[in-house]
Amino acid sequence: MLLAKTLRSSTFKLALICIAIFGGVVLGLFSYVYWATATYVRGRSDDAIAAEQTMLRKIYNDTGRGGLIAAIDDRIAKERLENGVYLLTDPSLNRVAGNLKAWPSTLSESKGWRNFSAQEGRPDAPGRAVLRATLDTLPDGYHLLIGRSIDDLGEFTSKIRTVLILGVSLIFMLIGVAGVSITRRTVARIESISATSRAIMESGLGERIPLRGTRDEWDRLAENLNAMLDRVEALMAQVKQVSDNVAHDLRTPLTRMRGRLEKAYNRQRDSDDDRSLIDDTMADLDAVLRMFSSLTRISQIEAHDRTSAFRSVNLAEIASEVVELFDAAAEDKGAHLGAVVDQRVLVTGDRDLLFDAVANLVDNAIKHGREAGRVTVEVAQNDAGAVISVIDDGPGIPDDERQHVFERFYRLERSRHMSGNGLGLSLVAAVARTHGARIELADNEPGLKCQLQFPALLQQ
């Protein structure tokens, strides 16, 4: 099954293409090596024959035909030219001297280089040898043939050819095995990912791609996909939690509204009671509408790219305006609201979004802080960038719940009796992500310190 998938895979087809290209290059390289080696050996042989011809022609010019015959006999006796052949004939091609019995019948010309087969004149000569010779016609009409047997050259080139064929075959075999092995491994890892995907579709998001511990690119891909699945599973859990919380938070005001309307329907009309019922019902409807408005606002912030509208914004001005806006609310609770800001702390961002984020932090600090407590908004600039902090001296948030308070509709148990819908800090988190800011919750001992740290990259 896996072998069939391997042979059908695009990786295997790509491997075949690479093998074909590589094989063509190797074959061309080995062919060149064969041609260059054979040419070099043949050239050395031709150089030796040409040198012998030059020497005998000089002897002929100096001593005449008699000296040439004596020189040929001497060279044959002393084997001056390894595997050499000599033949001197008269104009009628009758043998005069040399170790060839007769002028080869296949040679019709008497000048230039020729390859031919002939019987050598030596007693120990094998059968018909393959010879290479140069032909020359002397001034007196005699013909001179000087050459040597090239059977050893043929054997040498044959061995080279055999070695090259075996080498190329072995290389192709190794490449083929390597290609199939690599493709098989690749297909196996892809099949593992596919099997996990099918298992996820059939049984849910609990499955994960197995790691082999090799720390290679496949393990890194599996780690990234598993991390993505963790994120998707977490988002699905959040969606479920949001749905449950919406249902829970809507049930109470809607139940109250229905009870009031049913009660009003079954009793006589009374203007004061009706006015009170209408006011209470409108208050509940306003709370529901605020909830949906906050959800819509968060979705819009997360779904749209607002960076095109970013401008230079002074956090000090935003902090001062928020403090002024919530000063009355702080007085109603007996709390003291103040600001500690530098004169000018600039970041690049959306002013309205940053104002909403800081306002939500201040509202939470006043609402959930200590009675007659203190809330301070600090704006400063440090080496890491600009930072805005909202500090209170209330009960704070337990460590094990700090990672959850930015989830939609999440509320601390002690805060469920208070007004609100658990969306304020979710909006703050969405604004922070849009601006590339980091949210940090820390103990103020007592109380809570919530910081928005803007990276230096966004500063002006």
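For clarity, every value in this text was computed on a predicted model and none was experimentally measured. (Residues numbered from 1 in each chain as written. Predicted model: local features only at pLDDT ≥ 70, side-chain atom pairs only at ≥ 80, totals over all residues. Heavy atoms only, no water.)

### Comments concerning the overall build of the protein
What counts is decided by this rule: Runs of E in the DSSP output that reach at least two residues are strands. Runs of H or I that reach at least four are helices, and both are numbered from the N terminus. Residue exposure (1.4 Å probe, protein chains only): buried if accessible area is under 20% of the type maximum, exposed if over 50%, otherwise partly exposed. Only heavy atoms matter for contacts: two residues are in contact if any of them lie within 4.5 Å across the pair.
The helix and strand inventory of the protein stands at nine helices and 12 strands. Expressed as a percentage of its 460 residues, the buried residues of the protein come to 38%. Partitioning the contacts of the protein with sequence separation of at least 6, the portion at a separation of at least 24 is 62%.

### A look at the side chain of Thr196
Basically, it comes down to this: Under the rule applied, a polar contact is a pair of N or O atoms within 3.5 Å (in protein, one hydrogen donor and one hydrogen acceptor; residues adjacent in sequence only if both atoms are side-chain atoms).
With respect to the helices and strands, Thr196 occurs in helix α3 (residues 151-203). Within the structure, the side chain of Thr196 is placed 3.0 Å from the backbone oxygen of Ser192, a separation counted as a polar contact. Discounting residues that sit within four places of it in the chain, Thr196 has contacts with Glu207, Arg208, Ile209 and Pro210.

### Focus: helix α6 (residues 315-325)
In plain terms, the rule: The directions considered for the arc are those from the helix axis to the C-beta atoms.
For α6, the full list of buried residues reads Leu315, Ala316, Ile318, Ala319, Val322 and Val323. For α6, the buried positions fall inside an angular range of 160° around the axis, keeping them on one side. The outward face of α6, more than 90 degrees from its buried face, is lined by the exposed residues Glu324 and Leu325. If you check the start of α6, you find a side-chain oxygen 3.1 Å away from the backbone N of Ala316, and it comes from Asn314.

### Let's talk about the pattern of salt bridges
Here is the rule we go by: The term salt bridge refers to a side-chain nitrogen of Lys or Arg lying within 4 Å of a carboxyl oxygen of Asp or Glu.
The final tally for this structure, using the stated rule, is 11 salt bridges. Salt-bridge contacts for Asp393 lead to Arg370; the nearest nitrogen and oxygen are separated by 2.8 Å. Residue Asp393 is found in the loop between β10 (385-392) and α9 (424-435), and its partner Arg370 is found in the loop between α8 (351-368) and β9 (374-382); the two are separated by 23 residues along the sequence. Given a relative accessible area of 43%, Arg370 falls into the partly exposed group.

### Topic: a negative patch on the surface
How we decide: Patch membership requires over 30% relative accessible area and the absence of a salt bridge. Like charges are linked within 9 Å, and nonpolar side chains (Val, Leu, Ile, Met, Phe, Trp, Tyr) within 5 Å. In these tables, accessible area is a Shrake-Rupley quantity obtained with a 1.4 Å probe, and a residue counts as shielded only by the protein chains included in the view. Under the convention used here, Asp and Glu are negative, Lys and Arg are positive, and both His and the chain ends fall outside the count. Note on charges: their place is set at NZ of Lys, CZ of Arg, CG of Asp or CD of Glu.
Residues Glu79, Glu82, Asp152 and Glu155 make up a contiguous surface patch of negative charge. With respect to the helices and strands, the residue Asp152 is situated in helix α3.

### A short note on the packing of α6 against α8
Rules: Axis angles are defined between N-to-C directions and span 0 to 180 degrees, where every axis is a line fitted to C-alpha atoms and, for a helix, only to the segment in contact. Throughout this description, any angle smaller than 35 degrees is read as roughly parallel, any larger than 145 degrees as roughly antiparallel, any in the 65 to 115 degree range as roughly perpendicular, and the remainder as oblique. Less than a right angle of anticlockwise turn of the near helix away from the far helix marks a crossing as left-handed, whereas a clockwise turn marks it as right-handed.
Where α6 meets α8, the closest approach of the two axes is 10 Å, and the angle between their N-to-C directions is 45°. Between α6 and α8, the crossing angle belongs to the class labelled oblique. As α6 packs across α8, the resulting crossing turns out to be right-handed. Residue-level contacts link Leu315, Glu317, Ile318, Glu321, Val322 and Leu325 of α6 to Arg351, Leu354, Phe355, Val358, Ala359 and Val362 of α8.

### A look at the pairing of strand β12 (residues 448-455)
Formally: When DSSP finds two or more bridges between two strands, those strands count as paired.
Of all eight residues that make up β12, six are buried, and the element is covered over most of its length. Inspection of the sheet shows β10 paired to β12 by seven bridges, in the antiparallel sense. Within β12, the residue paired with Gly385 across the bridge is Pro455. Joining the antiparallel neighbours strand β11 (residues 438-443) and β12 is a turn of four residues, in which Glu445 adopts a positive phi near 50°.

### Some thoughts on the pairing of strand β5 (residues 143-149)
Most of β5 sits inside the fold, with seven of its seven residues counted as buried. Taking every second residue as pointing to the same face, both faces of β5 are buried, with His143, Leu145, Gly147 and Ser149 on one and Leu144, Ile146 and Arg148 on the other. Where strand β1 (residues 84-89) and β5 come together, six bridges link them in antiparallel fashion. Along β5, the bridge assignment pairs Thr89 with His143.

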